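# A structural walkthrough
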Amino acid sequence: MVVLHVLFEHAAGYALFAVKEVEEIGMLLPQVEESVLSLAKFNSMVSLAAFFPFKSAQAALENMNAISEGVVHADLKLFLETNLPLSGKKKPSLGVSDAKIGAALQEEFNISIQTGGVVAEITRGVRLHFHSLVKGLTALAASKAQLGLGHSYSRAKVKFNVNRADNMIIQSIALLDQLDKDINTFSMRVREWYGYHFPELIKIVSDNSMYCRLAQLIGNRKELSEESLESLEEVVMDSAKAQAILEASRSSMGMDISPIDLINIERFSNRVVSLAAYRLELQEYLRSKMSQVAPNLAALIGEVVGARLISHAGSLTNLAKYPASTVQILGAEKALFRALKTRGNTPKYGLIFHSTFIGRAAAKNKGRISRYLANKCTIASRIDCFSEVPTSVFGDKLREQVEERLSFYETGDVPRKNVDVMKEAVKEATDVATEIKRKMDKKEKKRKKREKKLQELEPNGDANGEAEVENGEAETPVVKKKKKKQAAEEMEVQAEETPAAENGSEEPSAKKKKKRKAEAEEVEEAAVTDNGAEEPDPPAKKKKKQKTETVDAEETPETPVSEKKKKKKKKE
């Protein structure tokens, strides 16, 4: 009797289910389909044999990547070896949802594998009721695990690198082609529009961008004079042409133009000039991107033609997968199928015709050189696609080989062997790669040093702040002591002034002097004790006492003076 087990791969882990009554289930497929929806009925047919939860999200991602590629992961192998009854009278049969991983498991364990029919229905039921079949797993936790694994799996599959993105090349070359068409159309519109006023300018200046700049500069041709000759020379870059424009403006047969029409022509020509300037910037951007993504292909065939090949293929990876025969006629599909339909000659070249090599070759050698160039383009694209450190060494060497082949067709000079050239290229490429890696390591060390310094500065800053706070606290008692000394000096001064005011009575003044001196001495002693003391609370109390004493000292001398004055007034 065959025992059927079903393997189910979930984001939370691997689960192995034992299927009961396999014969009946196999016979009654429609009943199985109905019973899958009910948990009670499905639970009577299927029972959980084992569950292996993933330890981390990284482990889950590794296992899912292995399953998608049809490889048996070490965790899956251990799980099945532990829980699947391989030895015994009953032969085990394992049901899996994917035929690719099923073939790998059959090769690994030498057991019968089932993929369709009943297994598909049971897998559907397990997927529906998985959180109920596994104890301790809620529907929310299962959905979170699926979402997290889905995001990480997608990110790992995309393997998106910002610096090596060939999508930017595809978009920029498409925009470059569109800009060429638009600038050409707009320039023709400016020529027709401004030609009503100054028709002779079209014959003198043939370049579209230059014509728009001249239309913007000249404006009304009647205002053109000898003074504007220098500005014309700056635009035209030719004194003879500038002089011809000046002479043509004087004897032009064009119609007069109103200021409002002239303003509109100038504004439109200004837009065309700005578009032409942007096109140059975009071409420079494309050059820099090609040097990052496909430096060898750019060095061999040029940035624009290389970008067109990548754009037509869809990506650099697709271009690397193409054989040399496909790369040779890439872009000439219409001509190819027309030739196949009419049984005519097939095209010899497609997009690679725009490279300089085919144009330089003789008519009889164009097909030979295009085939050779397509071969080298394929090699360059594969090196660019799969190399870790991008360098243009191979591209330069391949370009030299094409040049040698061209000279061989013309003069008969035997070119170098491919093996010797590639040996030189590999040696140079390793040297360049080591140099680039050394620079990158140096930058990384510098970055780490900066981070360390910043981390060290942060605790030092905190310590400095604490020290400043402590210094501030230490300075406060000194200020208090200074205030006490000033209060004592003021009391002494008041004590000296009061006897001068009291000339009539000497005895009470002497007593008051003694009292004040005693009070001053007490204040000084208190200040001395404060200097030696370490506790911050007593100085505050003494300060309060001193304030009360000074107030008393100020109040006491006023009373006798007022009484004496009253007595004198009564006597008088």
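Just above, that's the structure.
Keep in mind the model is a prediction, meaning the values are calculated, not measured. (Residues numbered from 1 in each chain as written. Predicted model: local features only at pLDDT ≥ 70, side-chain atom pairs only at ≥ 80, totals over all residues. Heavy atoms only, no water.)

### As for the overall build of the protein chain
The secondary structure content of the protein chain amounts to 26 helices and five strands. Of all 572 residues assigned to the protein chain, the portion counted as buried reaches 37%. Across the protein chain, the fraction of contacts at a sequence separation of at least 24, relative to all contacts at a separation of at least 6, is 67%. Element-wise, carbon and sulfur atoms account for 54% of the exposed surface of the protein chain, whose accessible area totals about 35600 Å². (Helix = DSSP H or I, 4+ residues; strand = E, 2+ residues; numbered from the N terminus. Buried < 20%, exposed > 50% of the residue type's maximum accessible area, 1.4 Å probe, protein only. Contact = heavy atoms within 4.5 Å. Areas by Shrake-Rupley, 256 points an atom, 1.4 Å probe, with all protein chains shown as cover.)

### Topic: the pattern of salt bridges
Taken as a whole and assessed by the stated rule, the structure comprises 17 salt bridges. Among the ionic pairs, arginine 308 bridges to aspartate 177, the shortest N-O distance being 2.7 Å. Here the residue arginine 308 occupies a position in helix α16 (residues 303–313), and aspartate 177 occupies one in helix α9 (residues 167–195), the gap between them amounting to 131 residues. Exposure remark for aspartate 177: the relative accessible area of 26% places this residue in the partly exposed category. Of the charged contacts, one joins arginine 416 and glutamate 400 as a salt bridge, the two residues approaching to 3.1 Å between their closest N and O atoms. Separated by 16 residues along the polypeptide, arginine 416 in the loop between α22 (393–411) and α23 (418–501) and glutamate 400 in helix α22 bring together distant segments of the chain. A relative accessible area of 35% means that glutamate 400 is categorised as partly exposed. In the salt-bridge network here, residues are joined through shared partners; they are Lys397, Glu400, Glu404, Arg416, Glu424 and Glu428. (Salt bridge = Lys/Arg side-chain N within 4 Å of Asp/Glu carboxyl O.)

### Notes on the environment of proline 259
In this structure, proline 259 sits in helix α14 (residues 259–293). Since its relative accessible area comes to 62%, proline 259 is described here as exposed. Distance from proline 259 to asparagine 220, taken between C-alpha atoms, is 8.5 Å for residues 39 residues apart in sequence.

### Description of unusual backbone geometry
Residues other than glycine seldom take positive phi values, yet methionine 237 does so here, at roughly 65°. Along the polypeptide, methionine 237 turns up in the loop between α12 (229–236) and α13 (239–250). On the basis of relative accessibility, which here comes to 67%, the residue methionine 237 falls in the exposed class. The backbone of arginine 343 sits at a positive phi, close to 60°, despite the residue not being glycine. Counting through the fold element by element, arginine 343 comes out in the loop between α19 (333–342) and α20 (356–360).

### Comments concerning α14
Counted at 1.5 Å a residue, the expected span for α14 with its 35 residues is 51 Å, and the 51 Å between its end C-alpha atoms agrees. For α14, the set of buried residues is Leu262, Ile265, Ser269, Val272, Val273, Ala276, Arg279, Leu282, Leu286, Lys289, Met290 and Val293. (Expected span 1.5 Å × (residues − 1).)

### Side note on the environment of leucine 105
Topologically, leucine 105 is positioned in helix α6 (residues 99–109). The exposure class assigned to leucine 105 is buried, which follows from its relative accessible area of 0%. A C-alpha to C-alpha distance of 6.8 Å links leucine 105 and valine 72, two positions 33 residues apart in sequence. With near-sequence residues (within four places) excluded, leucine 105 lies in contact with Leu7, Val72, Leu76, Leu80, Leu94, Val96, Asn110 and Ile113.

### So, the pairing of strand β4 (residues 91–95)
Within β4, four of the five residues are buried, which leaves the element mostly enclosed by the surrounding structure. By the bridge criterion, three bridges tie β4 to strand β5 (residues 112–114) in an arrangement that is parallel. Residue pairing in the sheet places serine 93 in a bridge with serine 112 of β5. (Pairing = 2+ DSSP bridges.)

### Side note on a nonpolar patch on the surface
A surface patch of nonpolar side chains, about 350 Å² in accessible area, is lined by Trp193, Tyr196 and Met255. Within the secondary structure, tryptophan 193 sits in helix α9. (Patch = residues over 30% accessible without salt bridge, like charges linked within 9 Å, V, L, I, M, F, W, Y side chains within 5 Å.)

### Thoughts on the packing of aromatic side chains
The tally for this structure, following the rule as stated, stands at eleven aromatic pairs. Judged by centre distance (6.3 Å) and plane angle (50°), the ring pair of tryptophan 193 and phenylalanine 268 falls under tilted. Highlighted residues: tryptophan 193 in helix α9 and phenylalanine 268 in helix α14, separated in sequence by 75 residues. Feature note: the residues Tyr14, Phe52, Phe54 and Phe79 constitute an aromatic cluster, connected by ring pairs. (Phe/Tyr/Trp six-rings, centres within 6.5 Å; stacked < 30°, edge-to-face > 60°.)

### Here's the deal with the pairing of strand β2 (residues 13–19)
In terms of residue burial, β2 counts as a mostly covered element, since seven of its seven residues are buried. Relative to strand β3 (residues 46–53), β2 runs antiparallel, the two sharing seven bridges. Its bridge partner lying in β3, alanine 18 is registered against serine 47.

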